[in-house]
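Structural description and commentary
Listed below, chain by chain, are the residues.
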Amino acid sequence: MTDTFMNFAIEQKELAKNKRYQVGAYLTNGVSSHNTHLTEREHPDTTQHAEARIISESARLGIATQGHKIYITLSPCVSCAKLIIQSGITHVYYQELDKKQEFALELLESAGIYYEKSYK
């Protein structure tokens, strides 16, 4: 099933219009997302990360994140790791490691969240 869920994340990645980074995510509660600019202006400060979008979209729709697993095409940044911790997500699977954000994985580990690189 892990491959299927990662495939959903990869499909979302392909929808991302961000030219610097394309990231997709799928949460086992059925919500999927990709990173996007919040305005027409392509600037790092206007980007909402896929993980932040998926968590906020779940909240907006009233869909629980507690106890679910997230599949991401790029490992989370520190800010998104904090959101993942607070949302109650229990497992993080990522396709590619963001070497600039490795501390985020330490945060997940210290919070007791299982994470693993997926080889899809």
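Quick look at the structure, then. Please read all numbers here as calculations on a predicted model, not as lab measurements.

Side note on the overall build of the chain
Summing up its helical and strand segments, the chain has four helices and seven strands in all. Listed N to C, the secondary structure of the chain is α-β-β-β-β-α-β-α-β-α-β in terms of helices and strands. Against the 2.2 N^0.38 benchmark of 14 Å for 120 residues, the chain shows a C-alpha radius of gyration of 13 Å, consistent with a compact globule. Expressed along its principal axes, the backbone C-alpha trace of the chain runs to roughly 35 × 30 × 25 Å. The 120 residues of the chain split such that 43% are buried. In the chain, of all internal contacts separated by at least 6 residues, the share reaching a separation of at least 24 is 44%. As presented, the chain carries roughly 6,800 Å² of accessible surface, and 48% of it is formed by carbon and sulfur atoms. Charge centroids of the chain, computed over 13 positive and 14 negative side chains, lie 4 Å from each other.

Quick look at the nonpolar core
Membership of the largest hydrophobic core comes to 20 residues, with the highest contact counts inside it found for Ile54, Ile70, Ile72, Ile84, Ile89, Val92 and Leu108. For this core, the secondary structure elements donating two or more residues are strand E1 (24-27), helix H2 (50-61), strand E5 (69-74), helix H3 (78-87), strand E6 (91-96) and helix H4 (103-110). The leading source of residues in this core is H4, at four residues. Once residues lying within four places of it in the same chain are set aside, the contact partners of isoleucine 72 are Met6, Val23, Gly24, Ala25, Glu51, Ile84, Val92, Tyr93, Tyr94 and Gln95. One finds Ala9, Ile10, Tyr26 and Tyr93 within the second-largest nonpolar core, a separate group that totals seven residues.

Criteria and cut-off values
- Residues numbered from 1 in each chain as written.
- Predicted model: local features only at pLDDT ≥ 70, side-chain atom pairs only at ≥ 80, totals over all residues.
- Heavy atoms only, no water.
- Helix = DSSP H or I, 4+ residues; strand = E, 2+ residues; numbered from the N terminus.
- Rg over C-alpha atoms; globule rule 2.2 N^0.38 Å.
- Buried < 20%, exposed > 50% of the residue type's maximum accessible area, 1.4 Å probe, protein only.
- Contact = heavy atoms within 4.5 Å.
- Areas by Shrake-Rupley, 256 points an atom, 1.4 Å probe, with all protein chains shown as cover.
- Lys, Arg positive; Asp, Glu negative; His and termini not counted.
- Charge placed at Lys NZ, Arg CZ, Asp CG, Glu CD.
- Core = buried A, V, L, I, M, F, W, Y, C linked by side-chain atoms within 4.5 Å.

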